[in-house]
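Architecture and fold: a report
What follows is the residue order along each chain.
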Amino acid sequence: MKEYLARIGLRRIIGMVLGNIVLGIGIAVFRTSLLGNDPYSAMLMAGADCLPITYSTLILLVNAGIFVVEFLWGRHFIGLGTFVNWFLLGYVASFFIEIFAVMQIPQRGMAVRLFTVAVGVLIVSVGVSLYQSADLGIAPYDSVSIIISEHCPLPYFWCRLATDVVCTAVCFALGGIVNVGTAVCAFGLGPFIHFFDEHFSKKALGIGK
């Protein structure tokens, strides 16, 4: 274990953990706006609202099922980051959802809610950028679209779009929130993540030097 940690580097480990924490905060910010989350989180939140179970517990259970797929067909994507995302993200998001609830954003008007979504975009983009740039393993859900693209002729973009559409449809069917925040997360995060990759995350983690 010590050899593994020494090989991947402390900066990358810290960046990966910090990225997941920041991502969890971003998910909470989106939830606070009540204008929709990223498709996967939105689906799980809708499921948690329909079941006698919390979002943080449901994400553990669903990730366990998806991890079977990752283990069977995408074992090379599994790393420390896979498990940190699996077991940490839901609890971080739930913790900050409770904290941000006191701000009562939905009662402050649409302009404030849309501003909250914009803030969420930046926070989520930083979190995803740090977590992905560390390159220490892919979260169970994130691995699915990559695995599909490796086993079919469709490009990754369309595979990711397909998995996000499925999650969005399930969220809608369960009575969850599908709104501007969902669309922004599904289609608009890419350029922001790329910006933070090049101008922040890689430099902070000492990658590409």
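Residues numbered from 1 in each chain as written. Predicted model: local features only at pLDDT ≥ 70, side-chain atom pairs only at ≥ 80, totals over all residues. Heavy atoms only, no water.

**With respect to the packing of aromatic side chains**
Taken as a whole and judged by the stated rule, the model has 10 aromatic pairs. For the ring pair Phe67 and Phe71, a centre distance of 6.3 Å and an interplane angle of 40° mean the geometry is tilted. Of the two residues, Phe67 and Phe71 are both situated in helix 4 (residues 55–73); the distance of four residues between them amounts to about one turn of the helix. Residue classification places Phe67 among the buried residues on the basis of a relative accessible area of 15%. A centroid spacing of 5.7 Å and a plane angle of 40° characterise the contact between Phe96 and Phe100, whose relative ring orientation is tilted. (Phe/Tyr/Trp six-rings, centres within 6.5 Å; stacked < 30°, edge-to-face > 60°. Helix = DSSP H or I, 4+ residues; strand = E, 2+ residues; numbered from the N terminus. Buried < 20%, exposed > 50% of the residue type's maximum accessible area, 1.4 Å probe, protein only.)

**Quick notes on the environment of Cys50**
Turning to its location among the elements, Cys50 is positioned in helix 3 (residues 39–50). Measuring from C-alpha to C-alpha, the distance between Cys50 and Ser145 comes to 26 Å, with 95 residues separating the pair along the chain.

**Some thoughts on the nonpolar core**
Judged by nonpolar contacts, the single largest core of 33 residues is most densely connected at Ile27, Tyr40, Leu44 and Tyr55. Elements supplying a minimum of two residues to this core: helix 2 (10–33), helix 3, helix 4, helix 5 (80–100), helix 6 (110–134), helix 7 (140–151), helix 8 (156–173) and helix 10 (189–205). The element contributing the most residues to this core is helix 3, with seven residues. Those residues in contact with Ile27 that sit more than four places away from it in its chain are Asn37, Asp38, Ser41, Met45, Tyr55, Leu89, Ala93 and Val124. Grouped together as the second largest cluster of nonpolar side chains are 11 residues, Ile13, Met16, Phe196 and Leu205 included. (Core = buried A, V, L, I, M, F, W, Y, C linked by side-chain atoms within 4.5 Å. Contact = heavy atoms within 4.5 Å.)

**Concerning the environment of Leu89**
Among the secondary structure elements, Leu89 is positioned in helix 5. Its relative accessible area of 7% is what places Leu89 among the buried residues. Spatially, the C-alpha atom of Leu89 lies 17 Å from that of Ala46, the residues being 43 residues apart in sequence. With sequence-adjacent residues up to four places away left out, Leu89 is seen in contact with Asn20, Leu23, Gly24, Ile27 and Val84.

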